[in-house]
Structures are given as structure tokens and as C-alpha cells.
Amino acid sequence: MFPPIVDHWLLGARWLPSPNCNARPDESDISLIVIHGISLPPGQFGGPYIDQLFANQLDADEYAYFREIAQLKVSSHLLIKRCGALTQYVAFDQRAWHAGRSHFNGRDECNDFSIGIELEGTDDIAYTDAQYQSLLKLLPQLQQAYPLTRQHPLVGHCDIAPGRKTDPGDRFDWQRLRHIGTMRTGF
């Protein structure tokens with residue numbers, strides 16, 4: 001089991017607060033967990049660029065792709081790197097800006113009521129055992145701290161923004177999460 005969540009921060013995670021967040025409309029409504037995939041530049045792992053993107057410090061001149069995204073104001077609650085290490089950017093009681101235009105179970109604007117977890121990866125490269133191990137330890141912690149998340153299946157960004165987003169992609173193994181009772185269903 002991971003260290004506990006205290007004051008909406010995961011103890012034991014690296015903390016790198018992002019300015020890209022704000023208050024939730026209803027702080028008590030944290031009822032969905034969304035899995036994302038991210039790599040910067042696309043297909044490359046291990047650099048400082050995800051941290052820089054979420055901190056609004058990405059150098060648009062470093063890679064051509066960065067010119068398209070450097071001005072974005074985005075964040076996620078957590079990142080799980082390829083080695084399984086966790087970074088938390090936004091306190092769980094705050095609204096991270098991870099889902100964009102989104103819809104789940106009759107509700108729009110999933111950022112209002114969800115926790116976003118980024119996995120360092122791509123749609124077409126398998127995620128690592130270390131990432132799944134971290135995720136399998138983390139999810140029960142989140143469900144204990146935010147019990148409303150138990151009422152809904154774990155979803156991918158692709159499920160709440162179909163046609164616009166494809167992550168975490170076909171290489172994400174949803175079956176590896178079956179042991180915690182949170183399954184992606186009906187999508």
C-alpha cells in the first residue's frame with residue numbers, strides 16, 4: 001500500500017504544484033478516475049518536458065511539436081513515469097485541467113468531478129510493469145479517500161472525449177486492473 005493521502009496530497013509522491021488548476025464546483029463530488037497517456041515529445045520518455053508543460057515552462061523552440069502545445073494551460077493530478085515513480089501536480093480536492101471537453105454518464109466537464117492520472121506512454125507502446133504496479137497500489141488509496149470513485153468504472157481519456165482523444169490507447173491493459181474491482185465497462 002502507498003503512503004496515505006493527507007490534505008489531498010499523496011505522501012511519498014514527488015510534489016510539483018501546477019498553476020493550472022482551480023476550485024471544483026463541488027469539492028465533495030470527486031467521483032471518477034480518468035487514465036491518460038502522455039509522452040513529450042511524442043514517443044520519447046524520461047525527459048523533463050511533462051513537468052515543464054504542467055508548469056507552463058515548456059520551451060516552444062526546443063522541438064517543433066512544442067510550438068503547438070507550449071501555450072496550453074493543462075495539468076493532471078498525477079503522473080506515473082515508466083519506472084513507476086509518481087509526481088503529483090494538483091491536490092485532489094482541486095480541479096486539474098486534464099480532460100478538456102468531456103462527457104461521462106450524462107455529465108459534461110469531467111474535470112469538475114474527476115481525478116486525472118497520466119501514465120508516461122503512448123497509444124502504441126506497452127506500458128511498463130512498474131506503472132501497473134504503482135497504479136494497482138494507488139487506486140485503492142484513491143478509492144478509500146474518495147469513496148464516490150468506487151461507484152463508477154475507471155475510464156480512459158478516450159472514453160470521456162471520444163473522437164477527440166485516444167489515450168491511454170490500445171496498449172493499455174485494462175484487465176490488469178480487474179483485481180481491484182474497478183473495471184472499464186460499457187465503452
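Located above this text is the structure these notes cover.
Figured I'd write up the structure that's included with this text. (Residues numbered from 1 in each chain as written. Predicted model: local features only at pLDDT ≥ 70, side-chain atom pairs only at ≥ 80, totals over all residues. Heavy atoms only, no water.)

Turning next to the overall build of the chain. Within the chain one finds four helices and twelve strands. Here the C-alpha radius of gyration of the chain, 15 Å, is about what a compact globule of 187 residues would show, namely 16 Å. Considering only C-alpha atoms, the chain reaches an extent of 45 × 35 × 35 Å along its principal axes. The burial tally for the chain puts 50% of its 187 residues in the buried class. (Helix = DSSP H or I, 4+ residues; strand = E, 2+ residues; numbered from the N terminus. Rg over C-alpha atoms; globule rule 2.2 N^0.38 Å. Buried < 20%, exposed > 50% of the residue type's maximum accessible area, 1.4 Å probe, protein only.)

Moving on: a nonpolar patch on the surface. A cluster of nonpolar side chains, contributed by Val 6, Leu 11 and Trp 15, occupies part of the molecular surface with about 250 Å² of accessible area. For Leu 11, a relative accessible area of 31% translates into the label partly exposed. (Patch = residues over 30% accessible without salt bridge, like charges linked within 9 Å, V, L, I, M, F, W, Y side chains within 5 Å. Areas by Shrake-Rupley, 256 points an atom, 1.4 Å probe, with all protein chains shown as cover. Salt bridge = Lys/Arg side-chain N within 4 Å of Asp/Glu carboxyl O.)

Here we take up the pairing of strand β5 (residues 32–38). Most of β5 is tucked away: seven of the seven residues are buried. Of the two faces of β5, both are covered, the one formed by Leu 32, Val 34, His 36 and Ile 38 as well as the one formed by Ile 33, Ile 35 and Gly 37. Relative to strand β11 (residues 114–120), β5 runs parallel, the two sharing seven bridges. By the bridge assignment for β11, Ile 33 is matched with Ile 115. Relative to strand β12 (residues 155–156), β5 runs parallel, the two sharing two bridges. Bridge pairing in β12 links Val 34 to Val 155. (Pairing = 2+ DSSP bridges.)

With that out of the way, let us pick up unusual backbone geometry. Peptide bonds are trans in most cases, and residues, glycine excluded, mostly fall at negative phi. Residue Pro 41 is reached from Leu 40 by a cis peptide bond, and omega for that bond is -15°. Here Pro 41 is to be found in the loop between β5 and α1 (49–54). The omega torsion across Asp 167 and Pro 168 is 15°, close enough to zero to call that bond cis. The topology assignment puts Pro 168 in the segment after α4 (157–160).

This part is about the side chain of His 77. Mapping His 77 onto the fold places it in the loop between α2 (64–69) and β6 (78–80). Engagement of the side chain of His 77 in a polar contact is seen with the side chain of Arg 24, the distance being 3.3 Å. Here Gly 116 takes part through its backbone nitrogen, which lies 3.0 Å from a polar atom of the side chain of His 77. (Polar contact = N/O pair within 3.5 Å; in protein donor to acceptor, adjacent residues only side chain to side chain.)

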